[in-house]
Amino acid sequence: MYWVRRGTILVSLFLIISFIAWFVPRALDPTRVSPERRARDRLWVNSSPYFWDRQLCRWVSICGLNHLRRDPAALFRPKPSVGGDDGDDEDAGDLAFGELRRRALAADFSPRSWEEPDDPSEDSTGAYVRQRADTKRNHTERRKILKDIPDYVTKYAPLVHLYSGEQFWPSDIREHIQHMNVSVNGEMLNSTKKWTLNNLNKLNEHRGFVVLHSLDDVETRPEWLHSHFNRPGPYPDNGDEHPIVDDDDMPMYRKEHTSWFDVDKQHPLHRIADPRPRTHRRQPRSEPPRLARRGHKPDADGYSKAPAVLVIVDKGSGVVDAFWFFFYSYNLGQTVLGLRFGNHVGDWEHCMIRFENGEPRGIFFSEHEGGQAYAWDAIEKRGVRPVIYSAVGSHAMYPLPGEHPYVLPFRMLKDVTDKGPIWDPSLNNYAYHYDYTKENRWDTRDPWDDKVSRVGKVDSLVPAASNPDAPTSWFHYRGRWGDEVYTLADIRQWRLFGQYHYVTGPSGPKFKHLDRSKLCQSYRCRILYKIDPKRTWY
């Protein structure tokens, strides 16, 4: 009887812990679960060939228990024998395998201009050409090309501290799709067509779930997944870093005088009157003198061969949003109790700086759990440029180095940032102007919604004058940039308490709510005027 009671207590505790671990992530998840998503989840559970595995998955949210194993960020690769069989060539033998591989890949995938097609025998539309294209353009095309990026966007461009121990560095979307094929509704697309940035939106013609699927097993860690050769060089440390002011009198939130934080072309900028009598209003704090811009020309320091993507969106009333998108070929999830969750192929992160009449007012970071918005004066700067910290593996963006817990208590699940190599995206980027009013209303909805037409207008995105021939087809691609969530039958997959080892790759920049009037992606948007270094998981 004693052992029955003890066993009952242990089973009850296990069930209670399982329920809490299953319920908490769902309660904190900012996204709404649709009926279609629930139906896909049922199909996913049924993909397991084992009866008990399916039952454990349904009732206690433990799936693929027999697949659990370590998932290191990088695999050990021994040094090769290069030189002769007798090993006389010591200098060559001392070169690490990774360095040799990086040199070879850097030669194979050297950056090319937008004007040069992926296939030398094709033009930017995929048609074969025999002679130089006509450089004359009609009046509409000239208008598109002559629209340049505002100077203030480059002046206040962000600087990104990548993690010092990062294994998956910035990637070029052009190279990424060279290592992918296409899957539609879980079946490989039978096509001989070469997919490039110039024709990727043609995949929207296919009905169903369209994803780019890796040609390689990602657990073998192919070199293109790491993108080692895109690691930025050392950035000059001039000591002009603008520290965060720890002022207890500065409020976390405050009232603004204009509605710059909630603007679009249907809701123009307006002034906000203070309802209190003038005699009771607090006198504004004196603004600190603005630091001077760095006094030297940009050079190769902080340069990455992987271009960032800059999208300028005019919201009217003098308000302009500058979206900086950063792409990585792989997202390495974080670990909980030694188990890794949240891996996926393809990773889009972004920040957005909102300008009012050329002056920066606020910035949004794509942190975990929906992201966070900050007032311009709250964040760290180097000169006048904001400093962002990219988390190891997940590449989520934060305003401070250190640990950033989310979803789970006791810092069980956390992102980690530090002052690693600085990436300066202003030195190498694909720049565009985007007019969301030219889109059909449904065209920026959830890319997985199969109730709408798959092909929409493609003239809403215009290359900037800095790269007038940049392709725009890839921007309108509605599918995912990485593998669909692996089935429970796949030995690489497991799910514990609602968290997957591998999840589906992300959608592209077009579906990050570029038309939003608020600073945040979500409807509820709080702007922080002071950074809390002790921010908690909730």
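Data block above holds the structure.
What comes next is a walk through the structure. Just so you know, these numbers come straight off a predicted model, no measurement behind them.

Before going further, it helps to spend a moment on the overall build of the chain. Across its full length, the chain holds nine helices and 24 strands. In the chain, which comprises 538 residues, the share counted as buried stands at 46%. A separation threshold of at least 6 residues defines the contact pool for the chain, and within that pool the share at least 24 residues apart is 74%. Accessible surface for the chain amounts to roughly 28,600 Å². Of this, 53% is attributable to carbon and sulfur atoms.

Right, let's talk about the sheet that holds strand 13 (residues 372–375) for a bit. The sheet built from eight strands is open, its strands ordered 21-20-7-8-11-12-13-24 with mixed pairing. The strands lining the two open edges of the sheet, one partner per strand, are strand 21 (461–463) and strand 24 (527–528). Relative to strand 20 (residues 429–434), strand 7 (residues 308–316) runs parallel, the two being bridged by six bridges. Along strand 20, the bridge assignment pairs Val 311 with Tyr 432.

So, about the pattern of salt bridges. Within the structure shown, the criterion is met by eleven salt bridges. Arg 340 serves as the salt-bridge partner of Asp 71, at 3.9 Å between the closest nitrogen and oxygen. Remark: Arg 340 occurs in strand 10 (residues 339–341) and Asp 71 occurs in the loop between strand 1 (62–63) and helix 4 (90–93); sequence separation between them is 269 residues. Looking at Asp 71, the relative accessible area reads 10%, which means it is buried. Classification of Arg 340 as buried rests on a relative accessible area of 14%. It is possible to trace a salt-bridge network through shared partners that takes in Asp 71, Arg 221 and Arg 340.

A few words now on the sheet that holds strand 23 (residues 499–500). Spatial ordering of the open sheet is given by 1-22-23, a layout of three strands whose pairing is antiparallel. Strand pairing shows two members of the sheet lacking a second neighbour, strand 1 and strand 23, which therefore form its edges. Sheet topology places strand 1 next to strand 22 (residues 495–496); two bridges connect them, and they run antiparallel. Directly across from Ile 62, in strand 22, lies its bridge partner Leu 496.

With that out of the way, let us pick up unusual backbone geometry. Even without a glycine there, the phi angle at Asn 185 is positive, about 55°. Residue position: Asn 185 is located in the loop between strand 3 (180–184) and strand 4 (187–188). A residue is classified by how much of its surface remains accessible, and Asn 185, at 45% relative accessible area, is partly exposed. Unlike most non-glycine residues, His 395 shows phi in positive territory, near 65°.

So, on to the state of the cysteines. Taken as a whole and judged by the stated rule, the model has one disulfide. Here Cys 57 engages in a disulfide with Cys 63; their sulfurs sit 1.9 Å apart. The sign of the 80° torsion about the S-S bond sets the Cys 57-Cys 63 disulfide as right-handed. Take Cys 57: its relative accessible area is 4%, and that puts it in the buried class. Relative accessible area serves as the criterion here: at 0%, Cys 63 is assigned to the buried category.

Quick look at the nonpolar core now. In this structure, Leu 212, Val 311, Trp 474 and Trp 481 are the most contacted members of the largest nonpolar core, which totals 48 residues. Contributions of two or more residues to this core are made by strand 3, strand 5 (210–214), helix 9 (223–226), strand 7, strand 8 (319–331), strand 11 (344–356), strand 13 and strand 20. At four residues, the largest contribution of residues to this core is made by strand 8. Apart from residues lying up to four places away in sequence, Val 311 is in contact with Asp 321, Ala 322, Phe 323, Phe 325, Tyr 432, Tyr 434, Leu 461 and Leu 514.

Counted residue by residue, strand 3 has four buried out of five residues, so it is predominantly covered. Relative to strand 5, strand 3 runs antiparallel, the two being bridged by five bridges. Note on strand 5: the bridge partner recorded for Val 182 is Leu 212. Looking at chain direction, strand 3 and strand 4 are connected through two bridges and run antiparallel. Among the inter-strand pairings, Ser 183 is bridged to a residue of strand 4, identified as Met 188.

About the criteria used
- Residues numbered from 1 in each chain as written.
- Predicted model: local features only at pLDDT ≥ 70, side-chain atom pairs only at ≥ 80, totals over all residues.
- Heavy atoms only, no water.
- Helix = DSSP H or I, 4+ residues; strand = E, 2+ residues; numbered from the N terminus.
- Buried < 20%, exposed > 50% of the residue type's maximum accessible area, 1.4 Å probe, protein only.
- Contact = heavy atoms within 4.5 Å.
- Areas by Shrake-Rupley, 256 points an atom, 1.4 Å probe, with all protein chains shown as cover.
- Pairing = 2+ DSSP bridges.
- Salt bridge = Lys/Arg side-chain N within 4 Å of Asp/Glu carboxyl O.
- Disulfide = S-S within 2.5 Å.
- Core = buried A, V, L, I, M, F, W, Y, C linked by side-chain atoms within 4.5 Å.

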